[in-house]
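Notes for the structure review
So the chains spell out like this:
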Amino acid sequence: MAILEVQELSKRFGDVEVLRKINCSLEAGEALSIIGSSGSGKTTLLRCLNFLETPDAGRVLVRGETVFDAAEPKKPSEAALRRRRLHFGLVFQSFNLFPQYTALENVRLAGLLLAKERPDFREKRKEILTELNERAMFLLTDMGLADRAGHYPHQLSGGQQQRVAIARALALEPDILCFDEPTSALDPELTGEVLRVIRSLAEQRTTMIIVTHEMAFARDVADRAIFMDGGRVVEEGPARELIDHPQEERTRQFLSRYGALS
């Protein structure tokens, strides 16, 4: 069974149809790259999956359970949305770290907010905080940032901030880790360190969706790729095959602009 199934997902902003009956799936341990021009709907798809936008039509299933159905008569409560978001971890283009918190505090924050909803939080506060701190330090260490745990975002480079953001997304152990062009705000030198982290996650068989404009990276790291254009999935298949030997003319036109085709 697929860990993620997207069925006929559509989204409109005013008169503009941004997503047009998107269908795709994702297996556990698989990395999926989504490529396409600006405005093709890639980021909107991720935002819909993370419930930052509400689709107008379609369904989303995680592990066979429906987590969104536009046909539902009632809108989900905020509490229900928070629970559904736990299936997905999202790493944004622009880091979105809280400037008033250290790297460690940024990573543990979501877990702390959830823990405060527990009826036994006061009673077990010290134990819970210890667990959250240990988990946050483990993740920062895994990102090569153990010595930056007490630093604030303004004291970190862009690449370090993005690695903190990845650790934060991993902290709640989501089913699917989503990246929205994670290197677009970085200079070339810092881009490499973030891509190395994502490559390592792929080698560990972390289930991921990666929206990226790094064609070589998408080809080499992802198992499968989707090319989107005008809110539609134009072509999908094994990443290397799609990028090296696209079947659709629109895909070929797009990739030739990136020099991805010989």
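Higher on the page you've got the structure.
Since the model is a prediction, treat every value here as computed from it, not as a measurement.

Here the focus is the packing of helix 3 (residues 103-115) against helix 5 (residues 158-170). With their axes 8 Å apart at the nearest point, helix 3 and helix 5 run at an angle of 25° to one another. Accordingly, the angle class assigned to the pair helix 3 and helix 5 is roughly parallel. The crossing of helix 3 and helix 5 is right-handed. Mapping the contact onto sequence places Ala103, Asn106 and Val107 in helix 3 and Val164, Ala167 and Arg168 in helix 5. Considering only residue class, the contact of helix 3 with helix 5 consists of four nonpolar, one polar and one charged.

All right, on to the sheet that holds strand 5 (residues 65-69) then. With antiparallel pairing, four strands are arranged side by side in an open sheet as 2-1-4-5. The strands lining the two open edges of the sheet, one partner per strand, are strand 2 (16-26) and strand 5. Each strand of the sheet is rotated relative to its neighbour by a mean of 20°, with strand direction disregarded. Of the pairings in the sheet, the one linking strand 4 (residues 57-62) to strand 5 comprises four bridges and is antiparallel in character. Counterpart to Leu61 in the pairing with strand 5 is Thr66.

Turning to the side chain of Ser10, a few remarks are in order. The topology assignment puts Ser10 in strand 1 (residues 4-13). Since its relative accessible area comes to 11%, Ser10 is described here as buried. Sequence-distant contacts of Ser10, defined by excluding residues within four places in its chain, comprise Leu19, Arg20, Lys21, Pro55, Asp56 and Ala57.

Take the side chain of Glu181 next. Summarising the element assignment, Glu181 is placed in the loop between strand 7 (176-180) and helix 6 (188-203). Setting aside its immediate chain neighbours within four residues, Glu181 contacts Lys42, Gln93, Val211, Thr212 and His213.

Turning to the pattern of salt bridges, a few remarks are in order. Scanning the entire structure with this criterion turns up 20 salt bridges. Put simply, Arg12 and Glu17 hold a salt bridge, and the shortest N to O gap is 3.9 Å. Among the residues examined, Arg12 registers a relative accessible area of 40% and is labelled partly exposed. Across the salt bridge formed by Asp147 and Arg148, the nearest N and O atoms sit 2.9 Å from each other. Accessibility expressed as a relative area gives 52% for Asp147, which makes it exposed.

On to the nonpolar core, then. The biggest cluster of nonpolar side chains holds 35 residues, and the ones touching the most others in it are Leu140, Ile166, Phe179 and Met208. Of all the elements in the fold, those that place two or more residues in this core are helix 3, helix 4 (125-142), helix 5, strand 7, helix 6, strand 8 (208-211) and helix 7 (215-221). Residue contributions to this core peak at seven residues, all from helix 6. In this structure, Leu26, Val60, Leu81 and Leu90 belong to the second largest nonpolar core, which totals 28 residues.

Quick notes on the rules
Residues numbered from 1 in each chain as written. Predicted model: local features only at pLDDT ≥ 70, side-chain atom pairs only at ≥ 80, totals over all residues. Heavy atoms only, no water. Axes fitted to C-alpha atoms, helices over the stretch in contact; angles between N-to-C directions. Helix = DSSP H or I, 4+ residues; strand = E, 2+ residues; numbered from the N terminus. Parallel < 35°, antiparallel > 145°, perpendicular 65-115°, else oblique. Left-handed = near helix turned anticlockwise from the far one by under 90°. Contact = heavy atoms within 4.5 Å. Nonpolar A, V, L, I, M, F, W, Y, C, P; charged D, E, K, R; others polar. Pairing = 2+ DSSP bridges. Buried < 20%, exposed > 50% of the residue type's maximum accessible area, 1.4 Å probe, protein only. Salt bridge = Lys/Arg side-chain N within 4 Å of Asp/Glu carboxyl O. Core = buried A, V, L, I, M, F, W, Y, C linked by side-chain atoms within 4.5 Å.

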